[in-house]
Amino acid sequence: MTNGRPLNCWDIRQCGREIGGERAARLGVCPAAMETRLNGINRGRNAGRACWAVAGTFCGSESTGQPGPDQGCEKCEVYSRVQAEEAHRFVGSALVLALIR
């Protein structure tokens, strides 16, 4: 947690692709950091704690295509961490995807 708020995916993965991040100018701002429809989901900023539902985010050095469980995102450290931290409040893939479709 930082300043009493849970960490977003860019904090956890330290990718530097958040708005104003150190790698954003070179690599572009991550779509999760810009997805305002998911602001507040799992207590995150934009889609920072629901990144697995946003196409175009990076997993390692690969950009994801279609979001969701078929991409293996539910095996990611961010997904597992958010799920554990949110416990009974966790908003999973099905609801998150419904919010952005």
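Residues numbered from 1 in each chain as written. Predicted model: local features only at pLDDT ≥ 70, side-chain atom pairs only at ≥ 80, totals over all residues. Heavy atoms only, no water.

Moving on, we get to helix H4 (residues 77-86). Looking at H4, one finds that the buried residues are Val78, Tyr79, Val82 and Glu86. Relative to the axis of H4, the buried residues are bounded by an arc of 100 degrees and lie together on one face. Contact partners of the buried residues in H4: helix H1 (9-13) and helix H5 (93-100). After H4 finishes, the residue Ala87 shows a positive phi value of roughly 50 degrees. (Buried < 20%, exposed > 50% of the residue type's maximum accessible area, 1.4 Å probe, protein only. Helix = DSSP H or I, 4+ residues; strand = E, 2+ residues; numbered from the N terminus. Arc of directions from axis to C-beta. Contact = heavy atoms within 4.5 Å.)

What follows concerns the pattern of salt bridges. Overall, the coordinates contain eight salt bridges when judged by the stated rule. Taking the shortest distance from any N to any O, the salt bridge between Arg23 and Glu22 comes out at 3.9 Å. On the accessibility criterion, Arg23 (29% relative accessible area) is partly exposed. Here Arg49 ties to Glu86 by a salt bridge, and the two come within 2.9 Å at their closest N and O atoms. Within this pair, whereas Arg49 is found in the loop between helix H3 (31-34) and strand E1 (58-59), its partner Glu86 is found in helix H4, the two being separated by 37 residues in sequence. In terms of burial, Arg49 and Glu86 fall into one category: buried. Among the ionic contacts, a cluster of salt bridges with common partners joins Arg43, Arg49, Arg81, Glu85, Glu86 and Arg89. (Salt bridge = Lys/Arg side-chain N within 4 Å of Asp/Glu carboxyl O.)

As a rule of thumb, nonpolar side chains are buried together in soluble globular proteins. Core analysis: the largest hydrophobic core is formed by 25 residues, its most contacted members being Leu38, Trp52, Val78 and Val96. Contributions of two or more residues to this core are made by H1, H3, H4 and H5. (Core = buried A, V, L, I, M, F, W, Y, C linked by side-chain atoms within 4.5 Å.)

What follows is about the packing of aromatic side chains. Scanning the model with the defined rule gives three aromatic pairs in all. With centroids separated by 5.4 Å and ring planes inclined at 85 degrees, the aromatic side chains of Tyr79 and Phe90 adopt a geometry described as edge-to-face. One end of the pair, Tyr79, is in helix H4; the other, Phe90, is in the loop between H4 and H5, with 11 residues separating them in the sequence. Each member of the pair, Tyr79 as well as Phe90, carries the same accessibility label: buried. Joined through ring pairs, the aromatic side chains of Trp52, Tyr79 and Phe90 make up one cluster. (Phe/Tyr/Trp six-rings, centres within 6.5 Å; stacked < 30°, edge-to-face > 60°.)

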